[in-house]
Every structure is written in C-alpha cells, then in structure tokens.
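Observations on chain architecture
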Amino acid sequence: MAGDGTEFEGDTNLSKRRAGFQKGMTDAATREMLEADAAAFLHQSLSTPCLDVVESAEGIYFTAASGTRYMDFHGNTVHGIGYRHPRLVEALKSQLDDLVFSPRRYTNEVAVALAEKLAEVTPGDLSKSLLVPGGSEAIEVALRIARGATGRFKTISFWGAFHGAGFGASSVGGEALFRSGPAGPLLPGTNHVPPVYCYRCPYGHPSDGDCCMMAAETIRYVLEAERDVAAVVAEPIRSVPLVPPDDFWKEVRAACDEYGALLIFDEIAAGLGKTGKMWSSQHYDTVPDIMVTGKGLGGGVVPLAAVCARPELDVLGEVSIGHYTHEKNPFLARAGLTVLEIIETEGLVANAAEVGAHGISLARQLHDRHELVGDVRGKGLLIGIELVTGRDTKEPAHDAADALLYGCLERG
C-alpha cells in the first residue's frame with residue numbers, strides 16, 4: 001500500500017514485477033490452476049488476479065503449491081492464533097461429532113457460552129451480543145441498533161476508512177473503491193470527516209501530533225451542526241495503521257455523550273490482542289456503546305463476527321436486526337469460544353505487545369538508516385512503514401513499494 005492510502009497500479013497490481021515473479025516463482029501446474037481460477041470466479045479488485053496457489057497453512061506460514069514457504073504478515077487478519085492451531089482443530093473435530101447446527105428460535109450451550117465469554121472479555125458493560133457471518137454484517141447490525149435506539153439515522157465516520165463491503169458498511173466507509181461507480185447510491189446521512197493522520201495532516205499542520213486533535217474537534221462540530229446524529233463509527237486504531245493521540249477518543253466520547261450520539265467501535269482488524277491489548281480502544285481507556293469484532297474470531301478456519309452492545313440498547317426485539325441462518329451455529333460458536341480461550345491461556349496479548357515493541361524498534365532503525373522510510377508507527381503487532389521518494393515532499397514511493405513487495409515474496 002502506498003503512503004497516501006492507495007494501492008499500486010489501480011488496486012489490481014498488474015505491474016511488470018508481478019509477471020516476473022509469477023514466471024520465476026511458479027511452476028506450470030500452478031499457472032494452470034491460476035488460469036482455472038480466473039476462468040471460474042467473478043473478477044474484482046483486491047482479489048483477482050491471484051498471485052499464487054496455497055497448498056497448506058500452519059502457524060505463521062503458508063506453503064505454495066510450487067513449494068515456496070511464506071511467513072505470512074498479512075493473513076487477512078484472521079490468523080492471530082496461527083493457522084491450524086492444534087487446540088482449535090481438535091475442538092472443531094469434537095464439535096463435528098456432537099452438534100453442528102441449531103435452527104433459528106432454538107439455542108444451544110456453545111452459542112450461549114460464546115456470548116457469555118464475549119461479555120467477559122469486552123470492555124465496560126457490552127454484555128449483549130449477536131453472532132453474524134462476517135464483519136460487514138456486524139457493522140450493518142450495529143447501524144440498525146443505533147438507528148433503533150436513537151430514532152436517528154445519520155452517522156459520522158472517517159474518509160479512507162474501511163468497514164466492510166455491504167451497502168451499509170460501504171456507506172459509512174470512506175474508500176472510493178467501495179463507494180464509487182456501481183456501489184451507489186449509498187445510505188443517506190453518512191457524514192465523513194478527515195482521518196487522524198498526523199504524518200499527512202489533512203488540515204495542513206506540521207507533523208507534531210497536535211493536528212490529530214483537529215479530527216476530534218471536527219466530529220464535535222458536525223455533531224453540533226447536525227444535532228441528530230445516531231452514531232460515530234470508527235476503528236479506534238486504523239489498520240493502515242493510523243494511531244490517534246492519547247486523549248483523542250476521550251474527546252470524541254464526551255462529544256457523543258453531549259449530543260446524544262452512540263459511539264460504535266470497529267475492532268474487526270485491530271482487536272483480539274493484535275495491538276498489545278485485547279481491544280485497541282483499551283489504549284485510550286474509552287468504552288464504546290457498541291463494538292464489533294470478527295476476522296480472527298473464527299481462528300482462520302470459519303467466518304465469524306460478533307456485535308457487542310450495552311444492555312440498554314437491547315430495544316429492538318420486535319424487529320429483525322440480524323436474522324441470519326447461522327446466527328447461533330454451534331460449530332462456528334465453538335471456534336470463537338476456543339479462539340478466545342487460546343488468546344487468554346497462551347498469553348498472546350502480552351506477546352503481541354512484547355514482539356510488537358521489538359518490531360517497531362527495528363522499523364525505526366530502518367528509518368534512521370534509510371531516507372526511503374518516511375514514517376514508522378503502530379501499536380503492538382499492528383505496524384506501518386511508509387516509503388517516500390523524499391522526506392521533504394513525502395511523495396509516496398510507489399515503485400519502491402512494489403519492488404519491496406516482490407523482493408519480500410522472493411525471500412519467503
């Protein structure tokens with residue numbers, strides 16, 4: 001990803017280096033499978049064309065069909081406990097021999113246990129939850145709750161943010177890739193403000209950190225101007241990453257309380273310990289009214305997300321806010337419950353803090369040695385390095401980023 005938040009080569013990455021990589025790193029059987037994939041699936045940006053064929057995945061590695069073993073620093077944020085964690089695999093095998101489905105209007109012990117565990121590990125009193133298939137659905141359920149609880153429909157979110165690919169999630173999201181062209185028309189009333197991006201301050205301020213509080217002041221301004229906003233929707237720490245200053249979310253929380261808006265935190269990408277705390281909002285000692293989590297909750301095995309809310313917001317029992325076929329699926333619930341237990345018992349949150357601090361230290365050493373590195377930032381294992389052609393201009397170094405990408409892949 002380039003420093004300005006855009007992807008190289010129009011988000012499909014058809015650079016010459018990709019062609020060279022595939023020629024040098026893949027065999028004939030792999031290329032045949034890639035052609036079969038292209039013929040069988042609908043094409044879309046960020047997903048196609050495929051880069052390689054995965055044959056196996058375990059721990060922090062996956063292995064391509066041609067034999068190359070890759071250390072996976074991305075994993076679509078699903079492999080926080082590692083691929084094929086033996087405890088998770090065993091738990092799911094056992095669940096397959098027990099109960100594998102629960103029809104709607106029926107419950108089961110595993111689903112209730114997961115809901116209770118979510119209430120235990122989430123901040124504040126987010127004691128009521130709903131299980132959904134994925135993060136996009138979780139965001140849209142959260143929006144329905146906010147509308148129903150407040151009687152309002154407007155939202156405030158950040159330009160550049162990603163909250164999912166559904167129509168509602170795309171509406172509160174701020175990426176043109178998911179908002180433009182055939183994506184429209186989108187939901188009305190979705191206000192957007194500039195992001196918390198101190199290195200490239202949208203307000204034109206120096207990179208001293210003070211400019212970041214301007215975003216909080218802008219949110220307050222919109223809340224006052226509109227007077228009927230239902231919710232502010234945001235990732236506490238953007239997965240790019242963009243890291244707000246210490247007092248940022250306390251200021252936003254206070255503004256939401258003053259103007260009667262709910263605060264919805266999207267912890268899908270940065271939650272579950274990745275930042276060195278269980279939830280990224282805990283770095284700011286700020287509790288939302290609604291929190292959504294997902295991706296890693298399924299352990300890299302099953303799709304699973306959850307919406308967690310204050311009990312006072314449980315006011316929509318007479319309408320449907322997330323009527324999904326697998327709402328209380330015991331197999332999916334077993335995955336989520338086991339993932340949370342693994343994170344706790346193996347000390348993965350503390351590990352992310354320790355290893356992440358070491359990683360950020362190494363990245364800052366790169367910054368000291370190489371003019372190409374413009375900025376280093378992050379929390380825990382959520383680490384970002386921006387490459388620039390010059391530190392004075394901060395122009396994104398697209399070609400260097402492309403070269404680095406394929407250089408890394410060639411080295412596994």
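Criteria and cut-off values
Counting restarts for each chain: residues are numbered from 1 in the order of the written sequence. At least 70 in pLDDT is required for a residue's local features to be given in this predicted model, at least 80 for side-chain atom pairs to be given and counted, and no such filter applies to totals for whole chains, interfaces and linings, which use all residues. Water and hydrogen atoms play no part in the side-chain values, which are based on all heavy atoms of the structure. A pair of cysteine sulfur atoms is labelled a disulfide when the two atoms are within 2.5 Å. To qualify as a helix, a DSSP run of H or I must reach at least 4 residues; to qualify as a strand, a run of E must reach at least 2; elements of each kind are numbered from the N terminus. Burial classes: relative accessible area under 20% of the type maximum marks a residue as buried, over 50% as exposed, and values in between as partly exposed (1.4 Å probe, protein chains only). The patch calculation keeps residues exceeding 30% relative accessible area without a salt bridge and links them within 9 Å when they carry like charges or within 5 Å when they are nonpolar (Val, Leu, Ile, Met, Phe, Trp, Tyr). The method behind every accessible area is Shrake-Rupley, applied with a 1.4 Å probe, and residues are considered shielded solely by the protein chains displayed. Any Lys or Arg side-chain nitrogen found within 4 Å of a carboxyl oxygen on Asp or Glu counts as a salt bridge. All tallies of charge rest on Lys and Arg as positive and Asp and Glu as negative; His and the ends of each chain are not included. Taken as the charge centre is NZ of Lys, CZ of Arg, CG of Asp or CD of Glu, depending on the residue. Multiplying 1.5 Å by the residue count of a helix minus one yields the expected span of that helix. Each polar contact in these results corresponds to two N or O atoms within 3.5 Å; when the atoms are within protein, one needs to be able to donate a hydrogen and the other to accept it, and residues that are neighboring in sequence are counted only if both atoms are side-chain atoms. Between 30 and 60 degrees the pair is tilted, below 30 it is stacked and above 60 it is edge-to-face, where a pair is any two Phe, Tyr or Trp rings, Trp via its six-membered ring, whose centres lie within 6.5 Å. Geometrically, a lysine NZ or arginine CZ counts as sitting over a ring once it is within 6 Å of the ring centre and also within 35 degrees of the ring normal.

Notes on the state of the cysteines
Following the criterion strictly, the structure yields 1 disulfide and no others. Note that C198 is cross-linked by a disulfide to C212, the S-S spacing being 1.5 Å. Note that C198 is positioned in the loop between β6 (190-193) and α8 (213-226) and C212 in the loop between β6 and α8, a separation of 14 residues in sequence. Judged by its relative accessible area of 2%, C212 is buried.

Details of a negative patch on the surface
A surface patch of negative charge is lined by E217, D246, D247 and E251. Within the secondary structure, D247 is located in the loop between β7 (229-234) and α9 (248-259).

Here's the deal with helix α4 (residues 109-121)
The terminal C-alpha atoms of α4 lie 18 Å apart, and with 13 residues this matches the ideal 18 Å at 1.5 Å per residue to within 8%. Sitting at the amino-terminal end of α4 is N108, which places a side-chain oxygen 3.3 Å from the backbone nitrogen of V110.

Re the packing of aromatic side chains
Evaluated as defined, the whole model comprises 6 aromatic pairs. Between F62 and Y70, the ring centres sit 5.2 Å apart and the planes meet at 35°, which makes this aromatic pair tilted. Of the residues examined, Y70 reaches a relative accessible area of 4% and is grouped as buried. Between F162 and F178, the aromatic rings sit 4.8 Å apart at their centres with planes inclined by 50°, giving tilted as the arrangement. Residue F162 is found in the loop between β5 (154-158) and α6 (167-172), and its partner F178 is found in helix α7 (residues 176-179); the two are separated by 16 residues along the sequence. Linked through ring pairs, F158, F248, W249 and F265 together constitute an aromatic cluster. Above the face of the Y61 ring, R69 is positioned so that its terminal group lies 3.6 Å from the ring centre. The ring centre of Y199 lies 4.4 Å from the NZ or CZ of K394, which sits over that ring.

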